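# Coordinate inspection notes
Listed below are the residues making up each chain.
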Amino acid sequence: MDRSRKHQSARGVRTVAMAAVLALALGACEYVVGSNVNTLRSAEGRPALPVSTVLSDTARAHSTAMCSAGAVTPSPNAGEEYDPESHGGVYELVGSAPLPTEVAPGSANLTATNEIWAGWQADPQLTAARWDDMGVGEVVCGDGRLYMTTVLRDSPSMPASGLYSSAQYTPAQLQEIGGLQYGQAINEQGQNQALLLDLYLPPGTTPAARPTVVLIHGGGFTGGTRADMRDAARTYAQRGYVAASISYRLGTPSSIAGAGLLTVAGRAIDDAMESVRWLKANATTYRIDSGRVAAVGFSAGGAIALGVAVASDPTPGGPLAAFTPAVAAAVSTGAHITPGIGTGLVGFEATDAPVLMFHYGTDSATGDSSAYAFETCTAVRASGNTCDFVTQPGSGHTTNLSGGGTWWTPELGPFLWEHLGLAG
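Residues numbered from 1 in each chain as written. Predicted model: local features only at pLDDT ≥ 70, side-chain atom pairs only at ≥ 80, totals over all residues. Heavy atoms only, no water.

### What about the nonpolar core?
Stated precisely, the cut-off is as follows: In these notes, a set of buried Ala, Val, Leu, Ile, Met, Phe, Trp, Tyr and Cys residues joined through side-chain atoms within 4.5 Å is what counts as a nonpolar core. Categorising residues by exposure relies on relative accessible area from a 1.4 Å probe, with only protein chains included: less than 20% of the type maximum marks a residue as buried, more than 50% marks it as exposed, and the intermediate range marks it as partly exposed. Counting from the N terminus, the helices are the DSSP runs of H or I reaching at least four residues and the strands are the DSSP runs of E reaching at least two. Contacts are assigned to residue pairs with any non-hydrogen atoms lying within 4.5 Å of each other.
Core analysis: the biggest nonpolar cluster contains 53 residues, and L197, L199, I216, F221, W278, L279 and I304 have the highest contact counts within it. No other element matches the nine residues that helix α7 (residues 260-281) contributes to this core. The contact partners of L199, leaving out residues within four places of it in the chain, are Q175, E176, I177, L180, V242, A243, A244, L279 and Y286. Counting 32 residues, the second largest nonpolar core, distinct from the first, contains Y164, F298, V390 and W417.

### A closer look at the packing of helix α2 (residues 28-43) against helix α5 (residues 105-120)
Stated formally: Axes here refer to lines fitted to C-alpha atoms; in helices the fit is confined to the stretch in contact. Angles between the N-to-C directions go from 0 to 180 degrees. Angle categories: roughly parallel below 35 degrees, roughly antiparallel above 145, roughly perpendicular from 65 to 115, and oblique for all the rest. When the near helix sits turned anticlockwise from the far one by under a right angle, the crossing is termed left-handed; a clockwise turn instead gives a right-handed crossing. Gly falls in the polar group here, along with every residue not listed as nonpolar (Ala, Val, Leu, Ile, Met, Phe, Trp, Tyr, Cys, Pro) or charged (Asp, Glu, Lys, Arg).
The contact between α2 and α5 brings their axes to 10 Å, and the two run at 30°. In terms of orientation, α2 and α5 fall into the roughly parallel class. Relative to α5, α2 is oriented so that their crossing is right-handed. Between α2, through C29, V32, V33, N36, V37 and L40, and α5, the contact on the second element is made entirely by N109, L110, T113, N114, W117 and W120. A per-class count over the contact of α2 with α5 returns eight nonpolar, four polar and no charged.

### Digging into the pairing of strand β5 (residues 175-186)
What counts here: In short, DSSP must find at least two bridges between two strands for them to pair.
Summarising the sheet, β5 and strand β6 (residues 192-201) pair through nine bridges and their orientation is antiparallel. The residue bridging G183 from the neighbouring strand is L195, located in β6. The hairpin formed by β5 and β6 contains five residues between the paired strands, and G190 there has a positive phi angle of roughly 80°.

### Remarks on the environment of L250
If you trace the backbone, L250 turns up in the loop between β8 (242-246) and α7. Taking the relative accessible area as the measure of exposure, L250 reaches 25% and is therefore partly exposed. Sequence separation of L250 and G220 is 30 residues, and the distance between their C-alpha atoms is 8.9 Å. Ignoring anything within four residues of it in the chain, the contact list for L250 reads E188, H217, F221, T222, G223 and G224.

### Some thoughts on α7
Heads up, the rule is: One fewer than the residue count of a helix, multiplied by 1.5 Å, yields its expected span.
Between its first and last C-alpha atoms α7 spans 32 Å; for 22 residues at 1.5 Å apiece the expected length is 32 Å, and the two agree. Burial within α7 is extensive, with 17 of its 22 residues counted as buried.

### Considering the packing of α7 against helix α9 (residues 300-310)
Interhelical geometry of α7 versus α9 gives an angle of 65° and a closest axis separation of 9 Å. Between α7 and α9, the angle falls in the class roughly perpendicular. The crossing of α7 and α9 is right-handed. Facing A268, I269, A272 and M273 of α7, the residues of α9 in contact are A303, I304, G307 and V308. In terms of residue class, the contact of α7 with α9 is made up of seven nonpolar, one polar and no charged.

### Quick word on the sheet that holds strand β2 (residues 90-98)
Taken in spatial order, the three strands make up an open sheet running β2-β4-β3, and their pairing is antiparallel. A single partner strand is all that each edge strand has here, and the edge strands are β2 and β3 (133-140). Across the sheet, the mean angle separating the axes of adjacent strands is 10° when strand polarity is ignored. With nine bridges connecting them, β2 and strand β4 (residues 145-153) associate as antiparallel partners. Each bridged residue has a counterpart across the sheet, and for E92 the counterpart in β4 is V151. Where helix α3 (residues 53-69) meets the sheet, it contacts β2, β3 and β4, and its direction lies at approximately 35° from that of β3. With respect to the sheet, α5 is in contact with β2, β3 and β4, its orientation differing from that of β2 by roughly 135°.

Laid out in structure tokens, this is it:
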């Protein structure tokens, strides 16, 4: 969807484990409002809404603007301000109340919050079924008042069943072609290495041009094989996608030390881009829709997928130069490219592919925090492009990004459905 690349999206950090995450993402009085919203929804049999940190930041910015203006005013165009790519739209509540001077500041904030909430709690939109997440932002203003904004948002979705959303074929119906050479390059040992991929194809009864997912294995840039992605690739092919699992040049423990990691990662990104070129060059043979290719990567493969989305092609020439390595979407888990920001390895432009990132609060493999990983998302958004960021609480490394896996229905499937334009 081209329009999603022209704006900075506020739909980003969607979190889980409701109450605990609300407390972590919001200030005390903001948490009160978020908790009140979910209490109302629970009473109506509605699911609780997770908080979006980025959405809350945008709501807080609007509250700041109301403070500066000294007036309670809604956003002139809430959809553009909070989430320009939202299909269902957003709903904004704004309010203000005086801060009593006869009590402690914390109690004063709560008193003002409760007064604002009293004016909101009967709004039927708070318990509407359509909303998927929310944001709350407050500002204590120099005029002696508290200004608060709450936003409810309808996130993208996909059909509950059907082609590209649910399994249409059994594993026995799939065609698997292994060891296809998509390129060759000089590896770390100075040898000319054949670059191979495996294809997983749905039956020939599917549409003439099919969306394609390039799956990129992990292994710390020193290990792993394309066979690691076999099970995940099959789940995509069962849903009607062409799935390609690729090999790429690896480094050694010594070569990835320090700044060497960027060199090794750069080579791997270059290889993944070449695989995209090859798929497009062979689109007719394998019935691939060249405009609907996504990169999905795990751990080191996640960093490669992000690099394919935003990096400039380091070797634009060669036999496949007529085919662009650009993808329409990129997804990562257990990875980021924050160290590459400002190094020249990656650049960020509004025309890059939209990005979806999954990251634990603390990465158990690298020790990186979700806040550090989120700097990648911030750089993507600053360019005017879309980055959605799902923070998983606690410690862990990668998550299940298979078709039909843990995140398929709430995040991954709708992201691909939207950015690969699968509704058409």
